[in-house]
Amino acid sequence: MRRFLNADGLEAVALVLILLIVAATAGWASFSHVHDWTMRHVPPGTPDAFGWANAVLSDLVPVACLLDIRRRRRHRQPIGYPVFLMLAFASFSLAAQLAVADASPSGWLLSALPALAFMALTKLVFTGTPTPAPARPTPAPARERVDADPVDVPTVPAPVFTPPPSAPAPVRSALVSSVVQAPRNGHIVSEVTR
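Residues numbered from 1 in each chain as written. Predicted model: local features only at pLDDT ≥ 70, side-chain atom pairs only at ≥ 80, totals over all residues. Heavy atoms only, no water.

A. Seen up close, unusual backbone geometry. In this structure, R76 takes a positive phi of about 55° despite not being glycine. Structurally, R76 can be placed in the loop between α2 (48-74) and α3 (80-99). (Helix = DSSP H or I, 4+ residues; strand = E, 2+ residues; numbered from the N terminus.)

B. Region of interest: the packing of aromatic side chains. Inspection of the entire model under this criterion finds one aromatic pair. Geometrically, the ring pair formed by W37 and F92 is tilted, given 5.4 Å between the ring centres and 50° between the ring planes. One end of the pair, W37, is in helix α1 (residues 7-40); the other, F92, is in helix α3, with 55 residues separating them in the sequence. Since its relative accessible area comes to 29%, F92 is described here as partly exposed. (Phe/Tyr/Trp six-rings, centres within 6.5 Å; stacked < 30°, edge-to-face > 60°. Buried < 20%, exposed > 50% of the residue type's maximum accessible area, 1.4 Å probe, protein only.)

C. Broad picture of the side chain of S30. Along the chain, S30 turns up in helix α1. With near-sequence residues (within four places) excluded, S30 lies in contact with D59, S93, Q97, P114 and A115. (Contact = heavy atoms within 4.5 Å.)

D. Highlighting the packing of α1 against α3. It is at 8 Å that the axes of α1 and α3 come closest, and there the two elements cross at 75°. Put simply, α1 runs roughly perpendicular to α3. In contact with A29, S30, H33, V34, W37 and R40 of α1, α3 contributes F92, S93, A96, Q97 and A99. Considered class by class, the residues forming the contact of α1 with α3 number six nonpolar, four polar and one charged. (Axes fitted to C-alpha atoms, helices over the stretch in contact; angles between N-to-C directions. Parallel < 35°, antiparallel > 145°, perpendicular 65-115°, else oblique. Nonpolar A, V, L, I, M, F, W, Y, C, P; charged D, E, K, R; others polar.)

E. Here's a closer look at α1. Taking 1.5 Å of rise per residue, the 34 residues of α1 would be expected to cover 50 Å, and the 49 Å separating its terminal C-alpha atoms lies within 8% of that figure. With a side-chain oxygen lying 2.7 Å from the backbone nitrogen of G9, the N-terminal cap of α1 falls on N6. (Expected span 1.5 Å × (residues − 1). Polar contact = N/O pair within 3.5 Å; in protein donor to acceptor, adjacent residues only side chain to side chain.)

F. Here's a closer look at the pattern of salt bridges. The full count for this structure, using the stated rule, is two salt bridges. A salt bridge links R71 to D68; the shortest N-O distance between them is 2.6 Å. Of this pair, R71 and D68 both sit in helix α2, three residues apart, which is roughly one turn of the helix. Beyond isolated ion pairs, a larger network of salt bridges with shared partners links D68, R71 and R72. (Salt bridge = Lys/Arg side-chain N within 4 Å of Asp/Glu carboxyl O.)

G. Up close: α2. Its 27 residues give α2 an end-to-end C-alpha distance of 40 Å, which sits within 8% of 39 Å, the value for a rise of 1.5 Å per residue. When the local axis directions of α2 are compared, the greatest deviation, roughly 30°, occurs at L60, which is followed within four positions by the proline P62. Backbone geometry just downstream of α2 places R76 in the positive-phi region, at approximately 55°. (Bend = angle between axes of the 7 residues up to and from the residue.)

Note that all results are geometric; they support no functional claim without further evidence.
Shown next as structure tokens:
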């Protein structure tokens, strides 16, 4: 709770509230324009849900693409396909905004404003704060070079040691069951138990 009482915490809460309000209103306006444009150009009898489906697709696919671009950048993967999808669906949404507008520069601007605001805020949220780079390990300090006299290495191979043939292992009596070593008076004494 204390972290929200400082200036950064209050600004973060205010930013989230503003983003939610703007996203909701811009999304509603943009969804309405795409819905209306879709329903003007579909055959009669097409369910109204088709227009809303196009609206959701055109405005939320770019958001999903931005998330995927962030993930791919973190993992150093190519981002070409999600960028292509993002631009295609954002263009579709913008085309719908312009198609329902009055045929004037101010009409186009006012109609496109919700989609532009939604895209700008989405970019602000998902790309505004850079992700911290992973910490790089610090290099080990360079070792000091020590000058030493050269060592003469013999060129004749060293003699090979061959062990004498081994004697067979002694046979132990089956009567000895264990050897116990126990300390007594400061000395270790070995006892054979049977």
